[in-house]
Amino acid sequence: MRIHARALLFDNDGTLVSSLESVGRCWTRWAEEYGITAERFAGVELHGRTAAEIAADLLPADLVPHAVARIEQLEVEDVPNGGVRLLPGTGDFLGALPADRWAVVTSATRRLAEARLDAVGVLPKNLVAADDVTRGKPDPEPYLLGARILGVDPADCVVFEDAPAGLRAGRAAGMRTVALATTHAPAELDADLVVTDLSALSPLVTDAGIEIVVRG
């Protein structure tokens, strides 16, 4: 199977890198600091959403700005403590792409995203972060902005995601989607193609664009 595109848009956490252990540590500490019970905290979806949205689900509006700044601080400080690692296939896949044909589109703040990416040696030329949009995933705004930055029609973009919210955002933007089963079971992922991780794919760069090829 092959999927053709002119540009590729990648979620970060769970797609290019894994920070699940760090997220668990930091958000658990954050919830304790703000007096949120374990039962209430367990009912909130963390993955693929902005910190502002999560905080707004749990706290009064006047506390949200401080709470968002606090979780960003905790997560950035945790990066050197084994807070992030490359997922299989990330280095080889990104290394085969022209720098102006792909972007990272993340629900993390720019400061946190850059800290995590820098820690694993991934330096994207183009990055869309939570700071850059007014509506996060599953709204299509982040991916539409990514396409605009790359100067490519949304229909010519392919989104790589591990989270259902991100896949919904990609589809709503009119883009094709590739799901990576790194944080969710394949049955939970509605996409044009579902694979284990980026090691299952190879990019073939041509004058006409990029062909995404399933290995084997």
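A. Representation of the pairing of strand E8 (residues 176–180). For E8, the tally of buried residues reaches four of five residues, placing the bulk of the element in the interior. Two elements, strand E7 (residues 157–161) and E8, share four bridges in a ladder whose sense is parallel. Paired with Phe160 across the bridge in E8 is Val178. Each parallel crossover has a hand, and the one from E7 via helix H8 (residues 164–172) to E8 is right-handed.

B. Broad picture of the pattern of salt bridges. Counted under the stated rule, the structure contains 14 salt bridges. The salt bridge involving Asp139 is made with Arg135; its shortest N-O contact spans 3.2 Å. Among the charged side chains, a salt-bridge network with shared partners connects Asp11, Lys137 and Glu161.

C. Broad picture of the sheet that holds strand E10 (residues 201–206). If you trace the three strands from one edge of the open sheet to the other, you get E1-E11-E10, paired in antiparallel fashion. Only two strands of the sheet have a single partner each, and these edge strands are strand E1 (2–5) and E10. Taking each pair of neighbouring strands and ignoring which way they run, the sheet shows an average axis angle of 20 degrees. The pairing of E1 with strand E11 (residues 209–214) spans four bridges and is antiparallel. Within the sheet, the bridge partner assigned to Arg2 lies in E11 and is Val213.

D. Structural detail: the packing of helix H1 (residues 20–33) against helix H4 (residues 64–78). Packing of H1 against H4 brings their axes to within 9 Å, and their N-to-C directions diverge by 145 degrees. Considering only the axes of H1 and H4, their crossing is right-handed. Across from Ser22, Val23, Arg25, Cys26, Trp27, Arg29, Trp30 and Glu33 in H1, the residues of H4 making contact are Ala67, Arg70, Ile71, Leu74, Glu75 and Asp78. When the residues that make up the contact of H1 with H4 are grouped by side-chain class, the tally is seven nonpolar, one polar and six charged.

E. Region of the structure containing the environment of Asp197. Relative to the helices and strands, Asp197 resides in the loop between strand E9 (193–195) and E10. With 107 residues separating them in the primary sequence, Asp197 and Thr90 have C-alpha atoms 8.4 Å apart. Look past the residues within four positions of Asp197 in its chain and what remains in contact with it is Pro88, Leu180 and Thr182.

F. Seen up close, the nonpolar core. Core analysis: the largest hydrophobic core is formed by 32 residues, its most contacted members being Leu8, Phe10, Phe160, Val178 and Leu201. Element by element, the count of residues in this core is highest for helix H6 (residues 110–119), at three residues. Apart from residues lying up to four places away in sequence, Leu8 is in contact with Phe93, Leu97, Arg101, Trp102, Ala103, Leu150, Val158, Phe160, Ile210 and Ile212.

Calculation notes
- Each chain carries its own residue numbering, running from 1 in the direction its sequence is written.
- Only residues with pLDDT of at least 70 get local features here, since the model is predicted, and only at 80 or more are side-chain atom pairs given and counted; chain-wide, interface and lining totals rely on the full set of residues.
- By convention in this description, side-chain values take in all heavy atoms of the structure and omit both hydrogens and water.
- Only protein chains enter the accessibility calculation, which uses a 1.4 Å probe; a residue is then buried when its area is under 20% of its type maximum, exposed when over 50%, and partly exposed in between.
- Note on conventions: DSSP H or I runs of at least 4 residues are helices, E runs of at least 2 residues are strands, and numbering of each starts at the N terminus.
- Should DSSP find at least two bridges between two strands, the strands are taken to pair.
- Note on handedness: a crossover is taken as right-handed if, strands pointing away from the viewer, the path from the first strand over the helix to the second is clockwise.
- Definition used for salt bridges: Asp or Glu carboxyl oxygen within 4 Å of a side-chain nitrogen of Lys or Arg.
- Throughout, an axis means a line fitted to C-alpha atoms (over the contacting stretch in the case of helices), and angles, computed between N-to-C directions, take values from 0 to 180 degrees.
- Each crossing gets its handedness from the near helix: less than a right angle anticlockwise from the far helix is left-handed, clockwise is right-handed.
- It only takes one pair of heavy atoms within 4.5 Å for two residues to be counted as in contact.
- Gly is put with the polar residues, along with every residue not named as nonpolar or charged; the nonpolar set is Ala, Val, Leu, Ile, Met, Phe, Trp, Tyr, Cys and Pro, and the charged set is Asp, Glu, Lys and Arg.
- Throughout, nonpolar core names a set of buried Ala, Val, Leu, Ile, Met, Phe, Trp, Tyr and Cys residues whose side chains join them through atoms within 4.5 Å.

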